[in-house]
Amino acid sequence: MWQLRFSLTKTWLDQYLGENASAALFKNGGINLLSQKPISSTALIAVEQLVSCNVSAPLKRMFMHGQAMSILASELNPLWQNSIHHRSGFTEKDRAMAYAARTILIQEFRAPPSVAQLAKRVGTNPFKLKKLFHHYFENTPYGIVLNTRMYNAYRILEAGTCQIDVAAELVGYNHASNFSAAFSKYFGISPRHIAKRQTAASG
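Residues numbered from 1 in each chain as written. Predicted model: local features only at pLDDT ≥ 70, side-chain atom pairs only at ≥ 80, totals over all residues. Heavy atoms only, no water.

Section: the confidence of the model for the chain
Then comes step 1: Of all residues in the chain, 79% attain a pLDDT of 70 or more, and the chain-wide mean is 81.
Then comes step 2: Mean pLDDT in the chain bottoms out at helix α2 (residues 19-23), which sits at 68, and peaks at helix α6 (residues 115-122), which reaches 97. (pLDDT = per-residue confidence, 0-100. Helix = DSSP H or I, 4+ residues; strand = E, 2+ residues; numbered from the N terminus.)

Written out as structure tokens, the structure is:
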């Protein structure tokens, strides 16, 4: 089991968020539990790449710094969203609705409901649902589905337990060619590259 710890000072965070914005995360001048939740899929991918870093020595520090920043940005994002929640005009009910809709998409990513179906299930309309996703997640319903599919596909291919066409089917793609194109665009490397890397490692 992995455990990552990041120690941040307000001065360091000021340079990215600004003094006023970062102040919300450093109330009372002490150590505060800001959030306790499972790591996001985006951050988990960065963690896995950080742990399995195979970049040559001169560039390794740069690579590790970049992955660490990706993890921090992904994990701080919900806290940032919460800090601006009261200025948004949305209610706690709206927030609960958005998170319920996202949960449905993550659980049903292989055959997700349409935006209209999803909106009806959580008790709103498609237009408002899209606004909620943009506000709380800076994403679209389709983007959430894509993130979930790609994260799961990466895990499957990295495990080396099945072929690319099988992995494509497992994450909801009917055609392996469409899956390969989406995977390559998302990660910047082809699924075949991941599969070959795992074959070489096991051999």
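Still more to cover.
Side note on the packing of aromatic side chains
Then comes step 1: Within the structure shown, the criterion is met by 11 aromatic pairs.
Then comes step 2: On the numbers, 5.2 Å between centres and 75° between planes, the contact of F133 with F137 is edge-to-face. Here F137 and F133 lie together in helix α7 (residues 126-137), a separation of 4 residues that amounts to about one turn. Of the two residues, F133 and F137, neither departs from the other in class, the shared state being buried.
Then comes step 3: For the pair Y136 and F137, a centre-to-centre distance of 6.5 Å together with 50° between the ring planes defines the contact as tilted.
Then comes step 4: The exposure class of F137 is buried, given its relative accessible area of 9%.
Then comes step 5: Cluster of aromatic residues (ring-pair linked, three or more members): Y154, Y173, F179, F183, Y186 and F187.
Then comes step 6: We note R149 situated over the ring of Y173; from NZ or CZ to the ring centre the distance is 5.1 Å. (Phe/Tyr/Trp six-rings, centres within 6.5 Å; stacked < 30°, edge-to-face > 60°. Buried < 20%, exposed > 50% of the residue type's maximum accessible area, 1.4 Å probe, protein only. Lys NZ or Arg CZ within 6 Å of the ring centre and 35° of its normal.)

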